[in-house]
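A look at the structure
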Amino acid sequence: MNTFKNIAKKILLGYLLLWCIAQLLSPYLTFDLSDSEINDEFAHLPFRLQHHTILVQNRPVHYVSIGNDSLPVALLIHGSPGAWGAFVDVMQDTSLLKRFQLVVVDRIGFGQSDLGNAEASIQKQVQFIAPVLHTYHAKGLPIVVVGHSLGAAVAVRTAIDYPALVNGIVLVAGAVSPSLESDERWFRIPLQSIPHSLS
């Protein structure tokens, strides 16, 4: 019986330690930037970063855009975990900004798109991104969808479901199928203990 209690104590202490580490690291685990950080990051560019939020199925879908609004669109989709802030460096690339208007969407359940209420189905995730595509397609702009990591699977599904809206896709370190991905619980369980106000 004492052996069981010792093991239970060690497990409890282990989880407590992980929770403490998550609390300490929480400022560094977020992909969201404060307004002042955004202003500092993009101050040197001739374009202003613009935030947009639309309602899709009564849920907020957030995306940002930067660049000349008459250029073709490169719509970037982040991996998991992630948010638009994962592409801050890409959005400052002046050679890309000469060729594309850059648009980064927060996948549903991430960033500012109904954070914490993620959608497991790739096809359903695409349904939340489609209205963003329609916005730019209605302006007659060609759209290239760029997906990173799990965002690559979303990009492929987007091209399959909406071929008339997508002129090309680029996959970066793509995860083709979530079922083939390694187990992500090692970081998700401690992250779930972090209050949303901290992240």
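So, a few notes on the structure that sits alongside this text. Computed from a predicted structure; not experimentally measured. (Residues numbered from 1 in each chain as written. Predicted model: local features only at pLDDT ≥ 70, side-chain atom pairs only at ≥ 80, totals over all residues. Heavy atoms only, no water.)

For the rest of this paragraph, the subject is the overall build of the chain. Check the secondary structure of the chain and you find seven helices and six strands. In the chain, the order of α-helices and β-strands from amino to carboxyl end is α-α-β-β-β-α-α-β-α-β-α-β-α. When each of the 199 residues of the chain is scored for burial, the buried share is 37%. A separation of at least 24 residues holds for 71% of the contacts in the chain among residues at least 6 apart in sequence. Carbon together with sulfur atoms contributes 59% to the accessible area of the chain, which is approximately 11300 Å² in total. (Helix = DSSP H or I, 4+ residues; strand = E, 2+ residues; numbered from the N terminus. Buried < 20%, exposed > 50% of the residue type's maximum accessible area, 1.4 Å probe, protein only. Contact = heavy atoms within 4.5 Å. Areas by Shrake-Rupley, 256 points an atom, 1.4 Å probe, with all protein chains shown as cover.)

What follows deals with the packing of aromatic side chains. Counted according to the given criterion, the structure contains one aromatic pair. Seen in terms of ring centroids, Tyr63 and Tyr136 are 6.4 Å apart; in terms of plane orientation they differ by 75°. Their pairing is edge-to-face. With Tyr63 in strand S2 (residues 59-66) and Tyr136 in helix H5 (residues 122-137), this pair connects stretches of sequence that are 73 residues apart. Across the pair, Tyr136 and Tyr63 agree in class, each one buried. (Phe/Tyr/Trp six-rings, centres within 6.5 Å; stacked < 30°, edge-to-face > 60°.)

An order of S1-S2-S4-S3-S5-S6 is seen for the six strands of this open sheet, with the pairing classed as mixed. If you trace the sheet from one side to the other, it starts and ends with strand S1 (50-56) and strand S6 (168-172), each paired once. Here the strands of the sheet are splayed against their neighbours by 25° on average, with no regard to which way each runs. Relative to S2, H5 is tilted by about 40°, and along the sheet it contacts S1, S2, strand S3 (73-77), strand S4 (101-105) and strand S5 (143-148). (Pairing = 2+ DSSP bridges. Axes fitted to C-alpha atoms, helices over the stretch in contact; angles between N-to-C directions.)

Another point: the side chain of His78. As for its position among the elements, His78 is in the loop between S3 and helix H3 (88-91). Within the structure, His78 has its side chain in polar contact with the backbone nitrogen of Arg107 (distance 2.9 Å). Excluding residues that lie within four positions of it along the chain, His78 makes contacts with Ala83, Trp84, Phe87, Val105, Asp106, Arg107, Phe110, His148 and Gly151. (Polar contact = N/O pair within 3.5 Å; in protein donor to acceptor, adjacent residues only side chain to side chain.)

For soluble globular proteins, the rule of thumb is that nonpolar side chains tend to be buried together. Grouped together as the largest cluster of nonpolar side chains are 26 residues, with contacts concentrated most on Leu75, Ile77, Val105, Val132, Tyr136 and Val145. Looking at this core, the elements with two or more residues in it are S2, S3, S4, H5, S5 and helix H6 (150-161). When sequence neighbours within four positions are dropped, the list of residues in contact with Ile77 reads Phe87, Val105, Arg107, Ile129, Val145, Val146, Gly147, His148, Gly151, Val154, Ala155 and Thr158. Core analysis: the next-biggest nonpolar cluster, separate from the first, contains 16 residues, Leu49, Val64, Ile66 and Val88 among them. (Core = buried A, V, L, I, M, F, W, Y, C linked by side-chain atoms within 4.5 Å.)

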